[in-house]
Amino acid sequence: MVRLRIQEVELRRPDLRKPFPRRFVQRLTGQTVQTLTRRAKYLLAALSSGETLLMHLGMSGSFRLEGHRSAAGTAARLGLDPHDHVVFHMSSGKAVVFNDPRRFGLMDLVPAGGLTEHPAISGLGPEPLSRDFDGRTLARACRGKKTSLKAALLDQRVVAGLGNIYASEALHVAGLSPLRRASVLATPAGAPRDAASRLAAAVKQVLQEAVARQTGRDYRDSRFLVYEREDEPCLKADCHGVIRRRTQSGRSTYYCPVCQR
DNA sequence: ACACGGACCTGAAGGC
DNA sequence: TGCCTTCAGGTCCGTG
């Protein structure tokens, strides 16, 4: 939708996880989408006014493209369902429809220059696929942390954009137990393939593979190494462990107690 | 300051 | 069959 003008916005409910910002529709109407980028799990649409439309899909959110709209009207022709909460009618004649059954999503409008101070953005750690994220930075972020490795990976200040599934997957690839203290990464400093380096590399690996497979479409279509594989055999070569599940900070963790130490 | 657990929300799946 | 409960996900907020 880059370079298209937002001709009309249909807001079909007052809130998602939070209320839409005030004058949401008026502020968006007539603006051109200049770039579409991402930070952590936030989608960022830079607008011609200098403002940024910040969007989060929560867990059940999605966008889809709908075809033409009739001269007469909109909703009926588009065949909207009750969970279609926002419709952006673009200058191309297409509509971008935001659907989110569970309404864990979020939209906000950020004033020009205010993005880095936005509460959703300001505390974020490094992008996992960037050079800023490696064993050294991961170890530093975990120094003195009393929480578990699993919880540390879910902490968006440590690394931005990792969720529950890939936290488990990365720990498995790295051969590290999710139950260990995060601060173990900070100890013996510097060995070339220390735990922190292995874990940082594993995070990059599982995310790159997920992107290549286009998992985002529906994570249930994917098969994972450990996620949702409780009681099934560990897939690591020569490991005869069985995948376990347990709850950590209210979320399911899957791991192999044999090869993850 | 940090760490944890509950709340938010709905659909899917399982139990009775 | 159908009702009821439980669970999943990401983030925020209150409490310890």
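Residues numbered from 1 in each chain as written. Chains lettered and ligands numbered in written order. Predicted model: local features only at pLDDT ≥ 70, side-chain atom pairs only at ≥ 80, totals over all residues. Heavy atoms only, no water.

Enquirer: Is there a simple way to explain the overall build of chain A in this structure?
Expert: When helices and strands are counted, chain A shows seven helices and ten strands. Across the 261 residues of chain A, 47% fall into the buried class. A total accessible area of about 13800 Å² is found for chain A, and carbon and sulfur atoms account for 50% of it. Averaged over its 42 positive side-chain charges, chain A has a centre that lies 5 Å from the centre of its 24 negative ones. (Helix = DSSP H or I, 4+ residues; strand = E, 2+ residues; numbered from the N terminus. Buried < 20%, exposed > 50% of the residue type's maximum accessible area, 1.4 Å probe, protein only. Areas by Shrake-Rupley, 256 points an atom, 1.4 Å probe, with all protein chains shown as cover. Lys, Arg positive; Asp, Glu negative; His and termini not counted. Charge placed at Lys NZ, Arg CZ, Asp CG, Glu CD.)

Enquirer: Got a minute to help me understand helix α4 (residues 135–142) in this structure?
Expert: Each full turn of the α-helix corresponds to 3.6 residues, which orients residues three or four apart in the same direction. Every buried residue of α4 is accounted for by Gly135, Thr137, Leu138, Ala139 and Cys142. Buried residues along α4 sit against α5 (149–154) and α7 (195–213). Structurally, the start of α4 carries an N-cap: the backbone nitrogen of Arg136 is 3.0 Å from a side-chain oxygen of Asp134. Of the residues trailing α4, Gly144 is marked for its positive phi of about 75°. (Contact = heavy atoms within 4.5 Å. Polar contact = N/O pair within 3.5 Å; in protein donor to acceptor, adjacent residues only side chain to side chain.)

Enquirer: What's the story with the sheet that holds strand β6 (residues 84–90) in this structure? I'm lost.
Expert: Adjacent strands of a sheet pair through backbone hydrogen bonds, lying either parallel or antiparallel. Reading across from one edge, β1-β6-β7-β5 is the order of the four strands in this open sheet, with antiparallel pairing throughout. Two strands lie at the open edges of the sheet, namely β1 (6–11) and β5 (62–66), each paired on one side alone. Taken pair by pair, the neighbouring strands of this sheet meet at an average axis angle of 20°, ignoring direction. As paired elements, β6 and strand β7 (residues 95–99) share five bridges and run antiparallel to each other. Among the inter-strand pairings, Phe88 is bridged to a residue of β7, identified as Val96. (Pairing = 2+ DSSP bridges. Axes fitted to C-alpha atoms, helices over the stretch in contact; angles between N-to-C directions.)

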